[in-house]
Amino acid sequence: MKLKNIPKQVLVLSLVSLFTDIASEMLYPVTPIFLTAVLGSSMAVVGIIEGAAEVTAGLLKGYFGRLSDKLKKRSVFVVLGYSLSALSKPLPGIFPSLAAVITSRISDRVGKGARTAPRDALLATYAEGQTGAVFGFHRGMDTLGAALGPIGALILLHFYPGDYALIFLVAFAPSIIAVSFTIFIKDNPASFKKITKRNYGEFWASAPQQYKIILLLTTLFSLVNSSDVFLILKSKDISNSATLAIWGYIFYNLVYASVSYPIGRYSDKVGKKKIYIAGLYIFGAVYLGFALFPDIYFIWLLFALYGIYAASTEGVVKAWVSDLIPDEQ
């Protein structure tokens, strides 16, 4: 699949993700610094907030994914999820407090939980047999936003040093642009070939063995994985500069965005399993590097490798699952 042949709906969903991530990633590297440097929160509090946010998103992905199967609707959950995330963005800017950060972060993840599974299912229905390319393109656009967002945050901090609350307010603008694009998202009626009435137990009993193995592997991996905010804070400690730490995160996202589509296409040719396993090995090497080589120059190589790891796992595992499971499930 050539870039010019990307289906229209995939392009629309990718644009929505692009602008959403511009907003989200303006805040992502700034939030832990805002919590620790401005609000005086501890690293433990940062970890608890991130953990609670991701658990919320994880649980809701299952619920809303199942509900979208049952109702034979994908687009309505996509619109709902992105809208909720948009409304949550400016809260810490309006009310600069720990409670506002918690509310904003949890609400944003509720939105992510509502939209992610229906959106990914919708992407799969328009993949035309090349899921790796489609999910790779989507992740590339999504991650391009993840690079542009922090750049915007750094520009704001340059002109308004230390004014983190302003960034939360400005992030609302690209969020609204993203929501405006959701009106063009359409369901693919042909993807629902039969009525879906099976519950989770029945689905699990009939699911392919390879899907069960993937689910087990990703669950085990999630137990040893940690939030990217800790790599940002580790970089800040090594470089003694919040700006350099954010630039490292930007560099990671630029690498991720640039290799996501070609790696996705390559996974269609050689197999998702090989690419995914290679990505996990790279992940291990990156964290080992951060532990053993706390050098400001070496950090750039580690962030580059981290971008390759993300491109080899995030979109690839979604494409892998969509190859195994029927569209209506």
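Shown above is the structure to which this text applies.
These numbers come from a predicted model, not from an experiment.

K.L.:
Account for the overall build of the protein chain, with residues named and values stated.
P.N.:
Scanning the protein chain from terminus to terminus reveals 15 helices and 0 strands. The C-alpha radius of gyration of the protein chain comes to 19 Å, within 12% of the 20 Å expected for a compact globule of 329 residues. For the C-alpha atoms alone, the extent of the protein chain along its principal axes is close to 55 × 40 × 40 Å. By residue count, 51% of the 329 residues in the protein chain fall in the buried class.

K.L.:
Go over unusual backbone geometry, please, and point to the residues and values.
P.N.:
Of note in the backbone geometry, Lys72 takes a positive phi value of approximately 55 degrees without being a glycine. As for its position among the elements, Lys72 is in the loop between α3 (43–71) and α4 (75–88). Unlike most non-glycine residues, Asn240 shows phi in positive territory, near 60 degrees.

K.L.:
How would you summarise the environment of Gly132 if you had to cite specific residues and measurements?
P.N.:
Tracing the chain through its elements places Gly132 in helix α7 (residues 131–159). Considered as a pair, Gly132 and Ala207 are 75 residues apart in the sequence and their alpha carbons are 21 Å apart. In contact with Gly132, not counting residues within four places along its chain, are Gly264, Arg265, Ser267, Asp268, Lys272 and Ala319.

K.L.:
Describe a nonpolar patch on the surface, listing the residues and the values that go with them.
P.N.:
A cluster of nonpolar side chains, namely Leu244, Trp247, Ile296, Tyr297 and Trp300, defines an oily patch on the protein surface of about 500 Å² accessible area. For Trp247, the location among the structural elements is in helix α13 (residues 242–270). We classify Trp247 as partly exposed; its relative accessible area is 37%.

K.L.:
Summarise the pattern of salt bridges; cite the residues concerned and give the values.
P.N.:
One pass over the full model with this rule turns up 12 salt bridges. Residue Arg109 pairs with Glu54 through a salt bridge whose shortest N-O separation is 3.6 Å. Taken as a pair, Arg109 in helix α6 (residues 98–125) and Glu54 in helix α3 lie far apart in primary sequence, 55 residues in all. Its relative accessible area of 9% is what places Arg109 among the buried residues. A salt bridge links Asp142 to Arg139, with the shortest nitrogen-to-oxygen separation between them at 3.9 Å. Here Arg139 and Asp142 lie together in helix α7, a separation of 3 residues that amounts to about one turn. Across this residue pair, the class does not change: Asp142 and Arg139 are buried. Here the salt bridges do not stand alone but share partners, grouping Glu50, Glu54, Lys89, Arg105, Asp108 and Arg109 into one network.

The rules behind each value
Residues numbered from 1 in each chain as written. Predicted model: local features only at pLDDT ≥ 70, side-chain atom pairs only at ≥ 80, totals over all residues. Heavy atoms only, no water. Helix = DSSP H or I, 4+ residues; strand = E, 2+ residues; numbered from the N terminus. Rg over C-alpha atoms; globule rule 2.2 N^0.38 Å. Buried < 20%, exposed > 50% of the residue type's maximum accessible area, 1.4 Å probe, protein only. Contact = heavy atoms within 4.5 Å. Patch = residues over 30% accessible without salt bridge, like charges linked within 9 Å, V, L, I, M, F, W, Y side chains within 5 Å. Areas by Shrake-Rupley, 256 points an atom, 1.4 Å probe, with all protein chains shown as cover. Salt bridge = Lys/Arg side-chain N within 4 Å of Asp/Glu carboxyl O.

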